Amino acid sequence: MPQLNPQDSRQGNVRAIFEARLVENVRDRRVAKLGVFDDVLNQIFAIKEELKRYPDFRVSKSGPELFWEEESTLILEEETAVELGDPRAGSLMTLLWGDPSLIEDGTIALAGPDLSECTQRKIPFGLVILAGAQFPDEYEFFRNLKDAFYAVKLKGFMARMLPSRNTIWCRVSKDAILQGFTLFHLGNAVIDSIKKVPGVSAAQVIMVTSTKEQVEKLKTVAEGAKRIVDAMVKMYSELNFDCESCDYRDVCETVNELKRIRDRLRKKVGDRQEDRR
């Protein structure tokens, strides 16, 4: 980097621009190494940058001050203060992973009103969970991540997930909101649970309650991730490597990491067959 005089405001501006471009270049190289969710994560980060322009966008850090009592809760309709993610209002839940260096560890971002600020009972809800991890087996890791998320049980909060549709439908009780429960408490609990999964060294959460359109924008991106996950699960569960007849051929042709997973599994199956002879 050129040596600039910090007292020269014009040169200072040049230096700031130069450093910003350098950071962007480093980030681009990191994204290129992420693996199976390269394109999806790029799009998620781009949407997050757009959300930052909204006045109700805010960020918090996970920590003990956001702890909320754990409890499996059944919330009846008459006890409900807010419903998040009613399919008619807009709903999304997606769980992705990538290079730990890219994940903003402990960050909880919210675009839209928090629970006590809601003026309607039913509001859109988008929940994006990002884990930074290194692991030997993608399928096993994915199952562990899902289990960690499903294990989140908070007093006054109830959730129903439908992974096949990337949706989540939640109820928050009136008592919980009166006691101060916020979406940042939820994000904190999710991050805490995800980081207990072996191999995970970073986790962040992005939540959207602003508009159905913003949730649907994220959902369109998440559909691409779901196709990738479905292709991966099919490879692991069926161990069928006939790409010509596979419904996910188009996905594997565009995601290089899936090809590497396929080749590794194919070799593993071949080695087992050799051992049996």
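What you see is a predicted model, and the numbers here were worked out from it, not measured in a lab.

Reading the values: the criteria
- Every chain is numbered independently, its residues counted from 1 as its sequence is written.
- Per-residue local features are limited, in this predicted model, to residues with pLDDT of at least 70; the limit for side-chain atom pairs, both in listing and counting, is 80 or more; totals at the level of whole chains, interfaces and linings are taken over all residues.
- Values reported for side chains reflect all heavy atoms of the structure, with hydrogen atoms and water molecules removed beforehand.
- The axes are straight lines fitted to the C-alpha atoms, using for helices just the contacting stretch, and the angles between their N-to-C directions are given from 0 to 180°.
- Strands are runs of DSSP state E lasting at least two residues, helices are runs of H or I lasting at least four, and both sets are numbered from the N terminus onward.
- Handedness of a helix crossing follows the sense of rotation of the near helix relative to the far helix, less than a right angle counterclockwise being left-handed and clockwise being right-handed.
- Any pair of residues with heavy atoms lying within 4.5 Å of one another is described as a contacting pair.
- Here the nonpolar group is Ala, Val, Leu, Ile, Met, Phe, Trp, Tyr, Cys and Pro; Asp, Glu, Lys and Arg are the charged ones; every other residue, Gly included, is treated as polar.
- The span you would expect from a helix comes to 1.5 Å times its residue count less one.
- Each residue's exposure class comes from its accessible area (1.4 Å probe, protein chains only) as a fraction of the maximum for that residue type: buried when under 20%, exposed when over 50%, partly exposed otherwise.
- What qualifies as a polar contact is a pair of N or O atoms within 3.5 Å, subject to a donor-acceptor requirement within protein and to the restriction that residues adjacent in sequence count only when both atoms come from side chains.
- In short, DSSP must find at least two bridges between two strands for them to pair.
- Think of a nonpolar core as a cluster: buried Ala, Val, Leu, Ile, Met, Phe, Trp, Tyr and Cys residues, connected wherever their side-chain atoms sit within 4.5 Å.
- We call Phe, Tyr and Trp rings a pair once their centres come within 6.5 Å, taking the six-membered ring for Trp, and we label the pair stacked below 30 degrees between planes, edge-to-face above 60, and tilted otherwise.

Notes on the packing of helix 3 (residues 138–150) against helix 5 (residues 183–194)
Alright, step 1. Contact geometry of helix 3 with helix 5 gives a least axis separation of 8 Å together with a crossing angle of 140 degrees. As helix 3 packs across helix 5, the resulting crossing turns out to be right-handed. For the pair formed by helix 3 and helix 5, the contact residues are Leu145, Ala148 and Phe149 on the first element and Val190, Ser193 and Ile194 on the second.
Alright, step 2. For the contact of helix 3 with helix 5, the residue count by class is 5 nonpolar, 1 polar and no charged.

Focus on helix 5
Alright, step 1. Spanning 12 residues, helix 5 covers 16 Å between terminal C-alpha atoms, matching the ideal 16 Å at 1.5 Å per step.
Alright, step 2. Where burial is concerned, most of helix 5 is hidden: 11 out of the 12 residues are buried.
Alright, step 3. Here helix 5 has its buried residues at Leu183, Phe184, His185, Leu186, Gly187, Asn188, Ala189, Val190, Ile191, Ser193 and Ile194.
Alright, step 4. Of the residues flanking the start of helix 5, the one acting as N-cap is Thr182, its side-chain oxygen 3.2 Å from the backbone nitrogen of Phe184.

Some points on the sheet that holds strand 7 (residues 157–162)
Alright, step 1. Taken in spatial order, the 4 strands of this open sheet run 5-2-8-7, and their pairing is mixed. Only two strands of the sheet have a single neighbouring strand rather than two, namely strand 5 (122–123) and strand 7.
Alright, step 2. As defined by bridge partners, strand 2 (residues 80–84) adjoins strand 5 across 2 bridges and the pair is classed as parallel. For Glu83, the partnering residue across the bridge sits in strand 5 and is Lys122.

Describing the nonpolar core
One recurring pattern in soluble globular proteins: nonpolar side chains tend to sit buried together.
Alright, step 1. Within the largest apolar cluster, 83 residues are counted, with the highest numbers of intra-cluster contacts made by Phe37, Leu84, Ile194 and Leu258.
Alright, step 2. Dropping the residues within four chain positions of it, Phe37 is found in contact with Leu96, Trp97, Ala225, Ile228 and Val229.

A word on the packing of aromatic side chains
Alright, step 1. In this structure the tally under the stated criterion is 9 aromatic pairs.
Alright, step 2. Relative to Phe141, the ring of Trp97 has its centre 5.6 Å away and its plane inclined at 85 degrees; by these criteria the two rings are edge-to-face. Here Trp97 is found in strand 3 (residues 91–98), whereas its partner Phe141 is found in helix 3, with 44 residues between them in sequence. Note on accessibility: Trp97 and Phe141 belong to one class, buried.
Alright, step 3. With 6.2 Å between their ring centres and 50 degrees between their planes, Phe149 and Tyr150 make a pair best called tilted.
Alright, step 4. Residue classification places Phe149 among the buried positions, given a relative accessible area of 7%.
Alright, step 5. Overall, the relative accessible area of 28% leaves Tyr150 in the partly exposed class.

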